[in-house]
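This is what each chain is made of:
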Amino acid sequence: MPDTPKPPHPLALELLTPPRPLALELRVHGVHGAPPDELLGDPRTVRITGDSTAAVFRRAADADAEDHPEWYAGRPVVEAYCWSRLTSGNGARALWLLLLPFMVVNLAHWARPAAPSTGPAPRGVRTYGVLVRVLALSLTLLLIAAACEVSLDLLAWQCAGSTHCTGSRSWLGFLEPGGWWGQPGRRLALGALVPAALTGLLWFLSNRTWSAYESQPPPADTAAPAAAEGTAPALGRPGFWYGRRIVARLRAAHTAAGLLTVAAAVAVPTARYDRRAGAPALEALGWGVEVLLAAGAVAVAWVVCRRGRTEARADHRLDRAAVTLLPGSALALLAAALLYAGWSRPGWTSAGRLPGDFTFGALMLGQGCCVLFLAAVAVRLYRLAPDPATALYGLGGPAIAMLGCALGGVMSGGVAQRVADWLDGAGAPGPAGAPLPAPPVLLSWQAAVLPPLLLVLALLAAWFAVRGIRARRRLAAGVAAEYPGEPPDEDRSRRIAGARAAAALTDSAPWFVAAVSGITLLLGAGALAGAWISGRVPGEAARGAHPLLESAARAAQDAGSWLIGLGIAAFVTWGRRAYRDPAARRTIGVLWDVGTFWPRAAHPFAPPCYAERAVPDLTWRMTGWTGRTGGRLVISGHSQGSVLAAAAVWQLPPQVRRRVALLTYGSPLRRLYGRWFPAYFGPGPLGALHGDVDCWRNLWRATDPIGGPVLAEAGDTTRADGPAGEASPHGPARPDGPAGPADSVDRGPLADPLAYGRSARHPLPAPILGHFDYQADPAFAAERDALLARLAGPARRARSAAPAATPAGGDTPATPAAAATPAVPAPRVSKEPAAPAEPEDPPGTAG
């Protein structure tokens, strides 16, 4: 009888079976910037790739995981991408506080409503982009005009021309009348160096960050054909995260505008005096300078309005003529204006305010009109593709732009007011008989509207707080029922319900922003009308009126001046602390993490877009690792990291995307970005991302004020921006949210806290986690492992091995060897040749 063959030894089977490709989890932190040892749960970490600004880290024990894949059977290798130093690195980040209005107005560009790519929408999108860029240019002019007001008007013109002011300030003695520098034109030429230096500083900061952020090339040939043709969502286009060209062109235009503003502040009053004095030669020279200034202004406006971003390709070209000639010509014109003003004019004396103080009123009026036009365009775009989830029915962008203009006005006017108070000593600048005429009266009117504005904001905050308390009481009644078998605890239920009610207040943010923007617009219009009609500060304009009105006007003027002073002092203190203290700089970095995700499409002096470095970093890492190993990869992002992760997955080529799964938790993709930026994160783009990446899970909690579901479920008709205190859009929390069907993305709301009361398993009270510690929830590991298993499934392997263009029904099962073979070429740097002169973007996609 023949011997029965013995089964092979298990060790022999293990040696004969090819090892399964490695699995990798790439973690991306949120705005708080957890260090690598905290993200990886191990104090011993090593940097795998990257530099001191942004890098990928692993545990030291996993550094050579690719050489030993058999050690990681059943578990992934975990690595972390740390990017927090992109926004909170060295002390120079403290200077970014000066750029806050620029950052806000840049957000308005991206907050436009979603619109179809055909029909009348493209023209509206382009008009929207032009209006935002014009608003951004007005903020640069406002900042430089404020610097000119301080340096030229208050110091060189008013104080240096008054013995009362220079008598107590010996450092200004050389500017007294009678000396060589005593002539007003020469004093103006000397004072112009300060705003010119400020313009140069802005150019330097923008150019330095431009070379470090916008000039990071994306991988070449990684975008899908649809993305290159412009039919895919915007964040999947090859040139979306490569704004090198637009920032360089706008930087040149804004630099030239700043220099021309300084030149005009010097040349216009000088030419006006020459025309009154009747000096033919100097009068002709003044006319020539003013004509050149007007021509320069036209050139700047043409460069700003001519075209927007190029997104359909990674555009490596630069507009050399605009980038080089425009600021160079403006600098030469400024030098000519300074020489012209410095010519000897013995009979010229300075008195009153510097001519041209109407500039602030003109800028304020232009900004208000531009915001109204922007609102009209936004409403038209929204009606072409209405979406109830969009913040403020499409008016989110104009509301944000209004806030940016208000911040710019308060910051610039506040500095001028503080300097005037300092120069005037114990007196109050502005009233009749004051030693100094002080700044333009409009700045005093702007300060006077601050107290009523703050009062309205306090009333709004109190109203939202009351509704939140009522919501907490209503929710507390059903909390205990969600934890079966637990004895009710009124205090515990109230704390859990309070966390949920506080988290739901985020959904009321659009109404709060709308109220602030609307009130700011009305009060600003009233301040402008009062300044132009009366021509006096509010306290003087109300003199002789009803005693109550007169007292209110004077109190508002004084209180507004003090409030601005306190705000400027706090601003400077915060900036100094951020410069010296890394912890404080990290806190400021949280603000930049939220505000500088978007490229600088409207304002080149805004803080740089860190995503233009982070998204290519993640794209390179995923493309290179999957191409080199053929393994499976889960990119897991928390909070803002989930937005970076989604943006990076959008940039992946199809063959890489089939090997990648997306795990998001505490994600603001729909709750914040989908509402405020519907053209890029609305239901359409997020639905398209789900179609491209079917391996996607999103974890969320009802106690999370930032995260929420990312895709609208069937029958979900909740308002995205409903008032506080209404039914929570998340629905009731469950102790264990079901995972749902295989094609469902959202899992939640997860139980928070995990346990209601004390038990043998939870002897101490479980904390309410809210927005943090998602990885401590058992659902995190379960969903991550499920995504990796789905990537390794037979259907998934067949789809990975099949060509991208295989017809339906033509898929063939892949062999294990084919599944393990790297199918993705290594990425290479995009070095595109010179493109045609005209933009190739589809109409209306970039604005």
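Rules and cut-offs
- Residues numbered from 1 in each chain as written.
- Predicted model: local features only at pLDDT ≥ 70, side-chain atom pairs only at ≥ 80, totals over all residues.
- Heavy atoms only, no water.
- Helix = DSSP H or I, 4+ residues; strand = E, 2+ residues; numbered from the N terminus.
- Buried < 20%, exposed > 50% of the residue type's maximum accessible area, 1.4 Å probe, protein only.
- Contact = heavy atoms within 4.5 Å.
- Areas by Shrake-Rupley, 256 points an atom, 1.4 Å probe, with all protein chains shown as cover.
- Pairing = 2+ DSSP bridges.
- Salt bridge = Lys/Arg side-chain N within 4 Å of Asp/Glu carboxyl O.
- pLDDT = per-residue confidence, 0-100.
- Axes fitted to C-alpha atoms, helices over the stretch in contact; angles between N-to-C directions.
- Parallel < 35°, antiparallel > 145°, perpendicular 65-115°, else oblique.
- Left-handed = near helix turned anticlockwise from the far one by under 90°.
- Nonpolar A, V, L, I, M, F, W, Y, C, P; charged D, E, K, R; others polar.
- Patch = residues over 30% accessible without salt bridge, like charges linked within 9 Å, V, L, I, M, F, W, Y side chains within 5 Å.
- Core = buried A, V, L, I, M, F, W, Y, C linked by side-chain atoms within 4.5 Å.

Q: Mind showing me how you'd approach the overall build of the protein chain here?
A: Broken down by element type, the protein chain carries 30 helices and eight strands. Within the protein chain, the fraction of its 847 residues that count as buried is 54%. Long-range pairs, those at least 24 residues apart, make up 81% of the contacts in the protein chain with a sequence separation of at least 6. For the protein chain, the computed accessible surface area is about 35600 Å², with 65% contributed by carbon and sulfur atoms.

Q: Quick question: what am I supposed to make of the pairing of strand β1 (residues 23–28) here?
A: For a regular strand, the rule is simple: side chains alternate between the two faces of the sheet. Counting buried positions over the six residues of β1 gives six, a clear majority of the element. Residues A23, E25 and R27 point to one face of β1 and L24, L26 and V28 to the other, with burial holding for every one of them. Inspection of the sheet shows β1 paired to strand β5 (residues 632–638) by six bridges, in the parallel sense. Bridged to L26 within β5 is I635.

Q: Would you explain the pattern of salt bridges in this entry?
A: In this structure the tally under the stated criterion is 22 salt bridges. The partner of D274 in a salt bridge is R345, with the nearest N and O atoms 2.8 Å apart. Taken together, the positions of D274 in helix α10 (residues 244–277) and R345 in the loop between α12 (320–341) and α13 (359–384) put the pair 71 residues apart, joining distant regions of the chain. This pair shows no difference in class: D274 is buried, exactly as R345 is. Note that D785 is salt-bridged to R784, the shortest N-O span being 3.4 Å. According to the relative accessible area criterion, D785 is partly exposed, its value standing at 35%. Through salt bridges with shared partners, one network takes in E25, R27, R784 and D785.

Q: How should I be thinking about helix α7 (residues 184–191) in this particular structure?
A: In an α-helix, one full turn covers 3.6 residues, which means residues spaced three or four apart are oriented alike. Taking burial as the measure, the eight residues of α7 include seven buried ones, the bulk of the element. Packed against the buried residues of α7 are α5 (121–159), α8 (193–214), α10 and α12.

Q: Just to check I follow, could you spell out the confidence of the model for the protein chain for this structure?
A: In low-pLDDT segments, the atomic positions of the prediction should not be examined closely. On average, residues of the protein chain score 80 in pLDDT, and 78% of them are at 70 or above. Overall, residues 797–824 carries pLDDT values under 50, and its contacts beyond four positions in sequence, including any with other chains, amount to 32 contacts. This model gives residues 832–840 a pLDDT under 50, and the stretch forms 16 contacts once residues within four places in sequence are excluded.

Q: Got a minute to help me understand the packing of α5 against α13 in this structure?
A: Each packed pair of helices is defined by two parameters, the angle between the axes and the distance between the axes. Interaxial distance between α5 and α13 falls to 9 Å at its minimum, and their mutual angle equals 160°. If you check the angle between α5 and α13, you find them roughly antiparallel. The handedness of the crossing between α5 and α13 comes out as left-handed. Of the residues that constitute the contact of α5 with α13, the class distribution is 22 nonpolar, five polar and two charged.

Q: Help me understand a nonpolar patch on the surface in this model?
A: A contiguous nonpolar patch, built from L201, W203 and F204 and spanning about 270 Å² of accessible area, is present on the exposed surface. Here L201 is to be found in helix α8.

Q: Sorry, what's going on with the nonpolar core here?
A: For soluble globular proteins, the rule of thumb is that nonpolar side chains tend to be buried together. Within the largest apolar cluster, 157 residues are counted, with the highest numbers of intra-cluster contacts made by Y81, F597, W598, M622, I635, L644 and F681. Sort the elements by how many residues they give to this core and α5 lands first, with 19 residues.

Q: Even after reading the chapter, I still don't get unusual backbone geometry, so can you show me in this structure?
A: Residues other than glycine predominantly adopt negative phi, and peptide bonds predominantly adopt the trans conformation. The amide bond that connects G748 to the next residue, P749, takes the cis arrangement and shows omega of 0°. Within the secondary structure layout, P749 lies in strand β8 (residues 746–750). One non-glycine residue, L392, adopts positive backbone phi at about 60°. As for its position among the elements, L392 is in the loop between α13 and α14 (396–424). Here S639, not a glycine, exhibits a phi torsion of approximately 55°, which is positive. Residue placement: S639 occurs in the loop between β5 and α23 (640–650).

Q: Would you take a moment to explain the packing of helix α15 (residues 441–448) against helix α16 (residues 450–476) for this structure?
A: Two numbers describe how α15 lies on α16: the axes approach to 5 Å, and their chain directions differ by 25°. Classified by the interaxial angle, the pair formed by α15 and α16 is roughly parallel. Touching Q446, A447 and A448 of α15 are L450, P451 and P452, all from α16. A per-class count over the contact of α15 with α16 returns five nonpolar, one polar and no charged.

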